[in-house]
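Structural overview for review
The chain contents come next:
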Amino acid sequence: MTLMVISPHADDETLGAGGTILKYKEDGYKVVWLNIANIKEEYGYSKVEVKEKQKQIDLVREAYQINEFIDLELCPAAIHEYSQKELIGKISQCIYKNKPEVLLLPFSEDIHSDHKAVWQAAYACTKSFRYDFIKKVLSMEILSETNFAYCNRGFLPNYYIDITKYLKKKIDIMKIYKSELGIHPFPRSIECIEALALLRGCEAGIKYAEAFQCIKTIEK
């Protein structure tokens, strides 16, 4: 069994599904992480910044014991400028290669244009008559993006995963992305991550949870 998480940027996978990745890994799933955008010198970033980001990703991969990591290295904050045909082609190739039963995507109404573009392209790769191995598709809740979705199309969770056992490690992994964290009330703060896990846990009748929107699930 394979879980694939598709992150627009490295850190989205941890914010949205860090505890879930740890749980599925412990449950014996192969975990594939497909990251779409990353910094490069040709995009205007310094050699030091690029090296530091790669170091962070390597440490995160090791912490999760990721089975396969794929980085498309597209330009951050410019994914919407790539054609949908190109995005769908790249994502579809990765999905076909790994044949995940469970697929985690960003939320369709995330405020970041990169997230919207990734969701649209990735969702196009879930048609049952072409990707019949996919049995569950979930949208993640990513702090600093999902919580700013337009109110009429906001995130309404209907699928919860108990991460009580994994919250501490999720936070430890998020600390690797030290440049992405801020001081409360900044959304990507340790306090906010803990508070969201507590809130979603209360909704589900457990201590800590990650919440998702279930786009589809197929049971046989």
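For the structure, see preceding data.
Below you will find a few notes about this structure. Position numbers for residues count from 1 along each chain, tracking the sequence in the order it is written. Whole-chain, interface and lining totals are the exception, using all residues; otherwise, since this is a predicted model, local features are given only for residues with pLDDT of at least 70 and side-chain atom pairs are given and counted only at 80 or more. Excluded from the side-chain calculation are hydrogens and water; included are all heavy atoms of the structure.

Points about the nonpolar core
The criterion is simple. A nonpolar core is a set of buried Ala, Val, Leu, Ile, Met, Phe, Trp, Tyr and Cys residues joined through side-chain atoms within 4.5 Å. Using a 1.4 Å probe on the protein chains alone, a residue whose accessible area is under 20% of its type maximum counts as buried, one over 50% counts as exposed, and one in between counts as partly exposed. Among the nonpolar cores identified, the biggest contains 36 residues, and L3, I21, W33 and L104 are the most heavily contacted of them. If you list the elements that add at least two residues to this core, you get β1 (2-9), α1 (12-26), β2 (30-37), α2 (47-64), β4 (102-105), β5 (136-140), α5 (167-174) and α6 (190-204). Examining the composition of this core, we find that five residues originate from one element, α1, more than from any other. In this structure, I6, L74, L105 and C125 belong to the second largest nonpolar core, which totals 26 residues. Helical segments are the DSSP runs of H or I of at least four residues, strand segments are the runs of E of at least two, and each set is numbered from the N terminus.

Looking at the packing of aromatic side chains
What counts as a ring pair is set by centres within 6.5 Å for rings of Phe, Tyr and Trp (its six-membered ring), and what kind of pair is set by the plane angle: stacked under 30 degrees, edge-to-face over 60, tilted for all other angles. This model, assessed by the stated rule, comprises seven aromatic pairs. An angle of 65° between the planes, with centres 6.0 Å apart, marks the rings of Y96 and F133 as edge-to-face. On the criterion of sequence distance, the pair formed by Y96 in helix α3 (residues 84-98) and F133 in the loop between α4 (113-123) and β5 is long-range, its members being 37 residues apart. Note on Y96: relative accessible area 34%, which makes it partly exposed. Each member of the aromatic cluster is reached from another via a ring pair, and the members are Y96, Y131 and F133. Geometrically, a lysine NZ or arginine CZ counts as sitting over a ring once it is within 6 Å of the ring centre and also within 35 degrees of the ring normal. Directly above the ring of Y24 sits K23, whose terminal nitrogen or CZ lies 5.9 Å from the centroid.

Section: unusual backbone geometry
With an omega dihedral of 15°, the bond running from H184 to P185 counts as a cis peptide bond. Counting through the fold element by element, P185 comes out in the loop between α5 and α6. For D11, which is not glycine, the phi torsion reads 130° and is therefore positive. Turning to its location among the elements, D11 is positioned in the loop between β1 and α1.

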